[in-house]
Amino acid sequence: MLKRIGIITSGGDSPGMNPAIRSVTRTAINLGIEVVGIQNGYQGIFDREFMPLGVIEVSGRIRDAGTILSTSRCLKFLEEHSQLEAIEILKKENIQALLILGGDGSLAGAAALSKHGFRVLGIPCSIDNDLSGTEMSIGVDSCLNTIVHLIDMIKATAASHNRCFVVEVMGRKQGYLALMSAIASGSQIAVIPEFRCDMDLIIENLTRRRLRRHNNSVVVVAEGACTGQNFMERLLVAGKDKLHQEVRLTVLGHLQRGSPPTFSDRFLATRMGEFAVLALNQGEHGSMVGLLRNRMNLTDLQEIKGHRPHLPADAIRLARNLGMEVGIPTEA
Ligand code: ADP
Ligand code: F6P
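By convention here, each chain's residues receive numbers from 1 onward along its written sequence. Starting at A for chains and at 1 for ligands, labels are handed out in the order in which the entities are written. Whole-chain, interface and lining totals are the exception, using all residues; otherwise, since this is a predicted model, local features are given only for residues with pLDDT of at least 70 and side-chain atom pairs are given and counted only at 80 or more. Side-chain figures throughout are based on the complete set of non-hydrogen atoms in the structure, without hydrogens or water.

Participant: It is not clear to me how the site of ligand 1 should be interpreted in this structure. Could you clarify?
Facilitator: In the region of ligand 1, 16 residues are neighbours, and Arg73, Cys74, Gly103, Asp104 and Ser106 sit closest. Residues adjacent in sequence count toward polar contacts only when both atoms are side-chain atoms; beyond that, a polar contact is any pair of N or O atoms within 3.5 Å, and within protein one must be able to donate a hydrogen and the other to accept it. Gly103 places a main-chain nitrogen or oxygen 3.0 Å from an oxygen atom of ligand 1. A distance of 2.5 Å is found between an oxygen atom of ligand 1 and a side-chain nitrogen or oxygen belonging to Ser106. All accessible areas in this document rest on Shrake-Rupley with a 1.4 Å probe, and a residue is counted as covered only by the protein chains that are shown. The fraction of the free accessible surface of ligand 1 (550 Å²) that becomes covered by protein chains is 82%. Each residue is tested against the molecule or strand, and it is near if at least one of its non-hydrogen atoms lies within 4 Å.

Participant: Looking at this structure, I do not really get the site of ligand 2. What am I missing?
Facilitator: Taken together, Arg73, Ile127, Asp128, Met170, Gly171, Arg172, Glu223, His254 and Arg257 make up all the residues around ligand 2. Between ligand 2 and Asp128 there is a distance of 2.6 Å, counted from an oxygen atom to a side-chain nitrogen or oxygen. Here an oxygen atom of ligand 2 and a backbone polar atom of Gly171 are 3.1 Å apart. Its residues assigned to classes, the shell around ligand 2 comprises two nonpolar, two polar and five charged. Either an automatic procedure or a domain database provided the assignment from which the domain bounds are taken. Each of domain 1 (4-139 + 261-292) and domain 2 (140-258 + 312-329) contributes no fewer than three residues to the shell around ligand 2. Side-chain classes are defined by residue name, with Ala, Val, Leu, Ile, Met, Phe, Trp, Tyr, Cys and Pro counting as nonpolar, Asp, Glu, Lys and Arg as charged, and the others, Gly among them, as polar.

Participant: I tried to follow the environment of Leu318 on my own but got confused; where do I start?
Facilitator: Strands here mean DSSP runs of E at least two residues long; helices mean DSSP runs of H or I at least four residues long; both are numbered from the N terminus. By the element assignment, Leu318 lies in helix α12 (residues 313-321). For every residue, the accessible area (1.4 Å probe, protein chains only) is compared with the maximum for its type, and the residue is labelled buried under 20%, exposed over 50%, or partly exposed between those bounds. Of the residues examined, Leu318 reaches a relative accessible area of 39% and is grouped as partly exposed. Spatially, the C-alpha atom of Leu318 lies 21 Å from that of His149, the residues being 169 residues apart in sequence.

Participant: How do you make sense of the nonpolar core when you look at a structure like this?
Facilitator: What tends to happen in soluble globular proteins is that the nonpolar side chains get buried as a cluster. Each nonpolar core is a collection of buried residues, namely Ala, Val, Leu, Ile, Met, Phe, Trp, Tyr and Cys, held together in the definition by side-chain atoms within 4.5 Å. With 33 residues, the main nonpolar core has Val167, Leu177, Leu179, Ile192 and Val326 as its most contacted residues. Of all the secondary structure elements, the ones that give two or more residues to this core are α6 (140-161), β6 (163-169), α7 (176-185), β9 (217-222) and α12. Looking at which element gives the most residues to this core, the answer is α6, with eight residues. The contacts of Ile192, once residues within four sequence positions are left out, are Gly175, Ala178, Leu179, Ala222, Ala225, Leu311 and Val326. Membership of the second largest hydrophobic core comes to 31 residues, among which are Ala97, Ile138, Ala269 and Val277. Contacts are residue-level and defined by heavy atoms, with any inter-residue pair within 4.5 Å sufficient.

Shown next as structure tokens:
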């Protein structure tokens, strides 16, 4: 019988963490389970930053980006003896199981706790969409909406000034955000870490566009491929005497993580939070909740560790058919 569970947010914050905390709290209370919020990621366990969560604490939080529990990157937690120490602290607090909300690093931490025999369930929260076991992580949709909105605004000034804009987006080692936002914003080029970018093809694409009297263009660069600055410098060298266009750089940075969660993220977070508590209560642990073919699903945390999902093949085809330049697969 579950009586008391903990919940923690770890790694980079993502819009939708708060709706997930709310859903977990409300579902648990409904089942008569007490919820303890652990603040500041894994560090909060060592610092004993525990706060009881009830309906009042989560009230109104469905609208807010970020995480009411705060988050951190806790290097200490990479060490096995610290993980064992954390389990002892959790047991002393009578916390029987832990729900861990975060990206691939945080869920690797969850896998470690599970390996040491502590009951955990993961909920994928990361703008990067770099977790296998789910087609969508919480925060991705809000982040993409923000990127597309910002690129729309950049396009207005790009068109007015006859400029090419290089826009650097987040995503760690994954090109998902760059590819998807480039498609949805009608950008011309996506530079992603999964594919080798061919500068000649990029210049050809931009030139073709200029000759069709389109006087502006946007190149979306995934931070995992290279910095926007680095890409711009290479473009300027290779495109000298060919581009005939001023090139400017915008790094979107942390704006990408700050929007209120969209409907899709609120709904996904609410579904995942509820499903996670129901699963824990039925004795499930050592796995991560995921969304596969629009159904809630559980995947073993040990399977998720170290596996990055492939970019959706149909998105690559779609981009190419729309005339976008996305590069050549690196394994080709
Ligand atoms: P994210 O969860 O957003 O991917 P990080 O990769 O920075 O963010 O990981 C967040 C935290 O998760 C780390 O600071 C650390 O506390 C923990 N963590 C990451 N990788 C591991 C690992 N292999 N084993 C144990 N804990 C880990
Ligand atoms: O993992 C989420 C993420 O936003 C990445 O896309 C980005 O590389 C990183 O976190 C930025 O981390 P920080 O906020 O610590 O600079």
